[in-house]
Amino acid sequence: MHHQEKPPEDNLTELMEFVLLGFADMPHLQWFLFGLFLIIYIIILMSNGTIFLMTKMDPALQSPMYFFLANFSFLEICYVSATLPKMLMNLGTQRRRISLVACATQMCFALMFGGTEGLLLAVMAYDRYVAICKPLHYPLVMNHRVCSQLVTGSWTIGIPIMIGQTYQIFSLSFCGAKQINHFFCDILPILRLACEDTFVNEMLVYILVVSFAMVPFLLILGSYGKIISIILKLPSATSRAKAFSTCSSHLMVVVVFFGSGIITYLRHNTRHSEGTHKVLSLFYTILIPMINPMIYSLRNKDVIMALRKLLCK
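Residues numbered from 1 in each chain as written. Predicted model: local features only at pLDDT ≥ 70, side-chain atom pairs only at ≥ 80, totals over all residues. Heavy atoms only, no water.

Visitor: Provide a residue-level description of the pattern of salt bridges, including the pertinent values.
Guide: Considering all chains together, one arrives at 3 salt bridges under this definition. Across the pair Lys309 and Asp58 runs a salt bridge whose closest N-O atoms are separated by 3.2 Å. Placement of Lys309 in helix H13 (residues 301-312) and of Asp58 in the loop between helix H2 (30-57) and helix H3 (64-81) is noted, with a sequence separation of 251 residues between them. Judged by relative accessible area, which is 44%, Lys309 ranks as partly exposed. Overall, Asp58 belongs to the buried group, its relative accessible area being 9%. Here Asp127 ties to Arg128 by a salt bridge, and the two come within 3.1 Å at their closest N and O atoms. (Salt bridge = Lys/Arg side-chain N within 4 Å of Asp/Glu carboxyl O. Helix = DSSP H or I, 4+ residues; strand = E, 2+ residues; numbered from the N terminus. Buried < 20%, exposed > 50% of the residue type's maximum accessible area, 1.4 Å probe, protein only.)

Below you can see the structure in the form of structure tokens.
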């Protein structure tokens, strides 16, 4: 029987929804994954929320480093909350549909928070560089006004760019099954569903990755390179070992966050890479926000003291 062409309004209705496949290829693990990611989400909220409260309440944690850390902890909560609640809902209910507007909103917020994280990590590395390499100039260089401007810039500079990028992508025509092989509305899986040429959009993605990932990553590596050169000049072997331990853990987080993100978005966009894309996305959207509080805070004596005071109240 000849299939009649649907009227435009029916086509429009069909286009207004996507299906987030997520981990549908593992049907027997749905409840296990739901429990696992729910625990991870609670850990992220509690650990980052605690650090945020401590840096606001404790007088000993009022230096620029903790001002940046407070913003970073709040950002981690926002970043994870852009993707994880929807993923948990999909795992729990098995209703994987998402409207076009909700998908665009999720992508926009994920891009904004991800871009902000890249810039804020660069700002935090610069703060440590000034503190260690130029200690006499530190109070003057990193005064409250400068710190506020750096944080405000990190939060706001990407907003118009990410909104523009999202608008461009969702201005495309979509066809086919409308199935997004991912656990959130990410750029590359959405572009695979487009009916038209996406060369310009893919070039814009590369520019985005260079601006918000590669440039901050190189600046961070440069800052830590200078810091390590200062550490090597320390007279005490114990001091050198302690400083190296801190720097290496920070660098490990930075390399995993930026490395997984850069590889994901600069890889050739094919259907064969979808599984790898999904796994790499777990690193920079979920794993790193979970371990960041341990790396940046729980190895810090001032933070541990503040936590003890908070728990004793």
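Anyway, onward from the coordinates.
Visitor: Tell me about a nonpolar patch on the surface, and please be specific about residues and values.
Guide: A cluster of nonpolar residues, Val210, Met214, Val215, Leu219 and Leu266, forms a patch on the protein surface that exposes about 380 Å² of accessible area. If one sorts the elements of the nonpolar patch by residue count, helix H10 (residues 199-231) sits on top with 4 residues. Tracing the backbone through its elements, the reader meets Val210 in helix H10. (Patch = residues over 30% accessible without salt bridge, like charges linked within 9 Å, V, L, I, M, F, W, Y side chains within 5 Å. Areas by Shrake-Rupley, 256 points an atom, 1.4 Å probe, with all protein chains shown as cover.)

Visitor: How would you sum up the packing of aromatic side chains? Please name residues and give values.
Guide: Any aromatic ring pair is given by two values, namely how distant the centres are and how the planes are angled relative to each other. Tallied over the full model, the rule gives 16 aromatic pairs. Taking the centre distance of 6.4 Å and the plane angle of 80 degrees together, the rings of Phe113 and Trp155 count as edge-to-face. In this pair, Phe113 is assigned in helix H5 (residues 100-133) and Trp155 in helix H7 (residues 144-156), connecting sequence segments 42 residues apart. A single burial state applies to Phe113 and to Trp155, both of which are buried. Aromatic pair Phe257 and Phe258: ring centres 5.2 Å apart, planes at 80 degrees, arrangement edge-to-face. Like Phe257, the residue Phe258 is buried in the burial classification. Taken together, the aromatic side chains of Phe52, Phe74, Phe109, Phe113 and Trp155 make up a single cluster linked through ring pairs. (Phe/Tyr/Trp six-rings, centres within 6.5 Å; stacked < 30°, edge-to-face > 60°.)

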